[in-house]
Amino acid sequence: ETGVTQTPRHLVMGMTNKKSLKCEQHLGHNAMYWYKQSAKKPLELMFVYSLEERVENNSVPSRFSPECPNSSHLFLHLHTLQPEDSALYLCASGILESYEQYFGPGTRLTVT
Amino acid sequence: GNSVTQMEGPVTLSEEAFLTINCTYTATGYPSLFWYVQYPGEGLQLLLKATKADDKGSNKGFEATYRKETTSFHLEKGSVQVSDSAVYFCALVFPGFQKLVFGTGTRLLVSP
């Protein structure tokens, strides 16, 4: 499969659960991103990884923990989330020297 | 800080109508400007871009012109189709920073 893929597409979790979101890109890009998309709010950049090194963390709470084991895979580990964390989580990849980012379809997360 | 403001939706049009979605930005300097589109159940896709003043980006019948004097990048299409129904996001980035700043998105609904 080409492009950026995300799994799962939908996730419902309790506040005490631990879960992980997965993102995979097959575009040969050297940067990967996590965004949070909430209703009626601009997309919020959460994390940026370049060549597997985290280069930006936009003051995201520690209950969100990213992991980038290689240039093709990106994870977002979730634990003790709050209901306000319910949102669409989008992964994107790109080339740092370029302006364009390519997005996956997102994971719709509901915290109960 | 840098920000993007879009008109609130939804914008509701009949097929073959003329479309304008307004976008203005606040930034120190001269960013590159983008329009992304998000179809139902999918991630964001780059629709068009402009990297300097007076540039016109175009794709799939959509156009937007980078207006430095009015700090605007309005999206237009002469004749919309039902398949254009989606959420449209205006965004900016400063070269070298790779941090896209998005607007809140404008939902377009086109009826037959």
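This text goes with the structure placed above it.
Residues numbered from 1 in each chain as written. Chains lettered and ligands numbered in written order. Predicted model: local features only at pLDDT ≥ 70, side-chain atom pairs only at ≥ 80, totals over all residues. Heavy atoms only, no water.

Draft legend 1. Representation of the interface of chain B and chain A in the model. Every contact between the two is made by 20 residues of chain B and, on the other side, 23 residues of chain A. The junction of chain B with chain A conceals about 1,600 Å² of combined surface from both sides, 56% of it contributed by carbon and sulfur atoms. The interface formed by chain B and chain A includes zero salt bridges. At the boundary of chain B with chain A, the tally comes to three residue pairs in polar contact (both at pLDDT 80 or more). Broken down by secondary-structure element, the contributors of at least two residues to the side of chain B that touches chain A are strand E5 (32-38), strand E6 (44-50) and strand E10 (86-93) of chain B. Of all the elements, E5 of chain B adds the most residues to the side of chain B that touches chain A, at four residues. Each residue belonging to the side of chain B that touches chain A can be placed in one class, and the counts come to nine nonpolar, eight polar and three charged. (Contact = heavy atoms within 4.5 Å. Buried area = accessible area lost by both parts, 1.4 Å probe. Salt bridge = Lys/Arg side-chain N within 4 Å of Asp/Glu carboxyl O. Polar contact = N/O pair within 3.5 Å; in protein donor to acceptor, adjacent residues only side chain to side chain. Helix = DSSP H or I, 4+ residues; strand = E, 2+ residues; numbered from the N terminus. Nonpolar A, V, L, I, M, F, W, Y, C, P; charged D, E, K, R; others polar.)

Draft legend 2. Local environment of the pairing of strand E8 (residues 62-65) of chain B. All names here are of chain B. Of the pairings in the sheet, the one linking strand E7 (residues 56-59) to E8 comprises four bridges and is antiparallel in character. Bridge assignment links Asn59 to a residue of E8, and that residue is Phe62. Here E7 hands over to E8 after two residues, with Lys60 in that stretch at a positive phi of 55 degrees. Of the pairings in the sheet, the one linking E8 to strand E9 (residues 75-77) comprises three bridges and is antiparallel in character. Considered in E9, the bridge of Phe62 is made with Lys77. (Pairing = 2+ DSSP bridges.)

Draft legend 3. Seen up close, the sheet that holds strand E3 (residues 19-21) of chain B. All names here are of chain B. Across the sheet, which stays open at both edges, the four strands sit in the order E3-E9-E8-E7 with antiparallel pairing between neighbours. Only two strands of the sheet have a single neighbouring strand rather than two, namely E3 and E7. The average angle at which neighbouring strand axes cross in this sheet is 20 degrees, direction not considered. (Axes fitted to C-alpha atoms, helices over the stretch in contact; angles between N-to-C directions.)

Draft legend 4. Highlighting the sheet that holds strand E3 (residues 18-25) of chain A. All names here are of chain A. With antiparallel pairing, the four strands of this open sheet are ordered in space as E1-E3-E8-E7. Lying at the two open borders of the sheet, with one neighbouring strand each, are strand E1 (4-7) and strand E7 (64-70). When the angles between neighbouring strand axes are averaged without regard to direction, this sheet yields 20 degrees.

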